Amino acid sequence: MAENGTDCDQRRIGMTKEQHNGNFTESSLLSERKRRDREERLNIVLWRQPLVTLQYFFLETLINLKEWTIKLWHRRSILVSFLLMLAVLTATYYIEGTHQQYVRYMEKKFFWCAYWVGLGILSSVGLGTGLHTFLLYLGPHIASVTLAAYECNSVNFPEPPYPDQIICPDEEATEGSISLWAIISKVRLEACMWGAGTAIGELPPYFMARAARLSGAEPDDEEYQEFEEMLEHAETAQDFASRAKLAVQNLVQKVGFFGILACASVVLQFMTLFPPNPLFDLAGITCGHFLVPFWTFFGATLIGKAVIKMHIQKLFVIITFSKHIVEQMVSLIGAIPSVGPSLQKPFQEYLEAQRIKLHHKPDSGVPQGENWLSWMFEKLVIVMVCYFILSIINSMAQSYAKRLQQKMYSEEKTK
């Protein structure tokens, strides 16, 4: 009987091994298939398959519109309340009365804040790639205010035309009367609104991971799958990127509010000073996966990005574009052997043109010249915005391709 028991155990162990090997083989085949499907999706871009990409983009757009319509219908009470409130505000806007001065003021501030919040959301929300709106919009705005403040010795720029065009005020100010704090205060609203927008843009990874953890379903998100693989192979991580991601995950998980605050503001700020933070998406996924309360995550992110991080960025730009630093930079460019003087001249012309423009009055009739540096920057902005739009089209087309692949998987499982 002992021999028979031993044989049964050996057969059971052998069956377990075969089952384990079968599962391992099936898992490896599935991983290989997912890798091939991902490579196939990445080839669906406008410059390789334009017709297919546009077709998939329009189909994905229609599907998203249908899903949003269904969600709005299920929340029709909220939608009706919003429409009623919008109707009341519209009536208040058009009815004449003494309240119109406050309406105009609120309208101006609302659209100005919404503009910067929208740029902040575009910078971090993703959609294939983030639009670096700090480099393209907020940074140049802070730089122009800084240059104007030192030239005018004041930040009391008249409105209008500021912020469309900064013009020095009529009153005379003493040389050196402008302070760093005055410039910071002048651009604080725009910077904080942009930072709040970047905080809002970090919410999708958090909600996705939280919903996946609560439902127990595996989300169709590559970043979340990468996060789960990182947790499985945490002990064997060797490369710098994996260690950095693990450090972020451990900091957020163990420290909580202050760990999120550090990730959103200081710790990773020096790694990515201007562009969107590539590692902070992992912090959002981590917080959602470990069910960190919403206000803990969003409160720390908002404080970190809209207050701490923005003041670091503002100080950097203001100090860099202060009058004496700019003059030193231009003189250093002129000291470059051979090509220095030829490179220095357009910078000097650009700064001189900006000084003339700051003292130009709208009705003075002084012609406004265009420098090649400003021309190049305008074209750079156009190119980056166009690339951002193309990345959205490619990303949505690839999302539709993923839908088709998932449908194929489900059909194969039912057979």
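Source: prediction; values computed, not measured. (Residues numbered from 1 in each chain as written. Predicted model: local features only at pLDDT ≥ 70, side-chain atom pairs only at ≥ 80, totals over all residues. Heavy atoms only, no water.)

## A word on the pattern of salt bridges
Inference 1: Here the structure, examined in full by the defined rule, presents 3 salt bridges.
Inference 2: Two residues, Arg 403 and Glu 67, come together in a salt bridge whose shortest N-O distance is 3.6 Å. A residue pair is termed long-range when its members are at least 10 positions apart, and Arg 403 in helix α16 (residues 372-414) and Glu 67 in helix α2 (residues 50-74) qualify at 336 residues.
Inference 3: Overall, Arg 403 belongs to the partly exposed group, its relative accessible area being 30%.
Inference 4: Classification of Glu 67 by relative accessible area gives partly exposed; the value is 33%. (Salt bridge = Lys/Arg side-chain N within 4 Å of Asp/Glu carboxyl O. Helix = DSSP H or I, 4+ residues; strand = E, 2+ residues; numbered from the N terminus. Buried < 20%, exposed > 50% of the residue type's maximum accessible area, 1.4 Å probe, protein only.)

## Remarks on the confidence of the model for the chain
Inference 1: When pLDDT is averaged along the chain, the result is 75; 70% of the residues meet or exceed 70.
Inference 2: Mean pLDDT in the chain bottoms out at helix α9 (residues 222-232), which sits at 57, and peaks at α2, which reaches 90.
Inference 3: Long-range and interchain partners of residues 15-20, a stretch whose pLDDT sits below 50, account for 0 contacts in this model, where long-range means more than four residues apart.
Inference 4: Counting contacts from residues 270-276, a segment whose pLDDT is below 50, to residues more than four positions away or on other chains yields 14 contacts. (pLDDT = per-residue confidence, 0-100. Contact = heavy atoms within 4.5 Å.)

## Some details on helix α5 (residues 133-152)
Residues three or four positions apart in an α-helix share a direction because the helix packs 3.6 residues into each turn.
Inference 1: A rise of 1.5 Å per residue sets the reference length of α5, with its 20 residues, at 28 Å; its end C-alpha atoms lie 27 Å apart and thus fit the reference within 8%.
Inference 2: Helix geometry: α5 is bent most strongly at Gly 139, by close to 35°, with proline Pro 140 lying one to four residues after it.
Inference 3: Burial analysis of α5 places 14 of its 20 residues in the buried class, which makes it a mostly covered element.
Inference 4: A positive backbone phi angle near 55° is found at Asn 153, which sits one or two residues after α5. (Expected span 1.5 Å × (residues − 1). Bend = angle between axes of the 7 residues up to and from the residue.)

## Looking at a nonpolar patch on the surface
Inference 1: The grouping of Leu 72, Leu 79, Phe 82, Leu 83, Met 85, Leu 86 and Leu 89 at the surface amounts to a nonpolar patch, some 650 Å² of accessible area in total.
Inference 2: No other element matches helix α3 (residues 76-94), which puts 6 residues into the nonpolar patch.
Inference 3: Mapped onto the fold, Leu 86 is located in helix α3.
Inference 4: Classification of Leu 86 by relative accessible area gives partly exposed; the value is 41%. (Patch = residues over 30% accessible without salt bridge, like charges linked within 9 Å, V, L, I, M, F, W, Y side chains within 5 Å. Areas by Shrake-Rupley, 256 points an atom, 1.4 Å probe, with all protein chains shown as cover.)

## A look at the nonpolar core
Inference 1: The biggest cluster of nonpolar side chains holds 24 residues, and the ones touching the most others in it are Leu 138, Ile 183 and Trp 194.
Inference 2: Broken down by secondary-structure element, the contributors of at least two residues to this core are α4 (100-124), α5, α6 (180-186), α7 (188-201) and α13 (294-320).
Inference 3: It is α5 that provides the largest number of residues to this core, a total of 9 residues.
Inference 4: Among residues more than four places away in sequence, those in contact with Leu 138 are Trp 116, Thr 133, Glu 190, Ala 191, Trp 194 and Met 310.
Inference 5: Counting residues in each nonpolar core, the second largest holds 13 residues, with Ala 199, Val 252, Phe 297 and Phe 298 among its members. (Core = buried A, V, L, I, M, F, W, Y, C linked by side-chain atoms within 4.5 Å.)

## Quick notes on the environment of Met 384
Inference 1: Topologically, Met 384 is positioned in helix α16.
Inference 2: Judged by its relative accessible area of 24%, Met 384 falls in the partly exposed class.
Inference 3: Sequence separation between Met 384 and Thr 133 is 251 residues, and the spatial gap between their C-alpha atoms is 9.7 Å.

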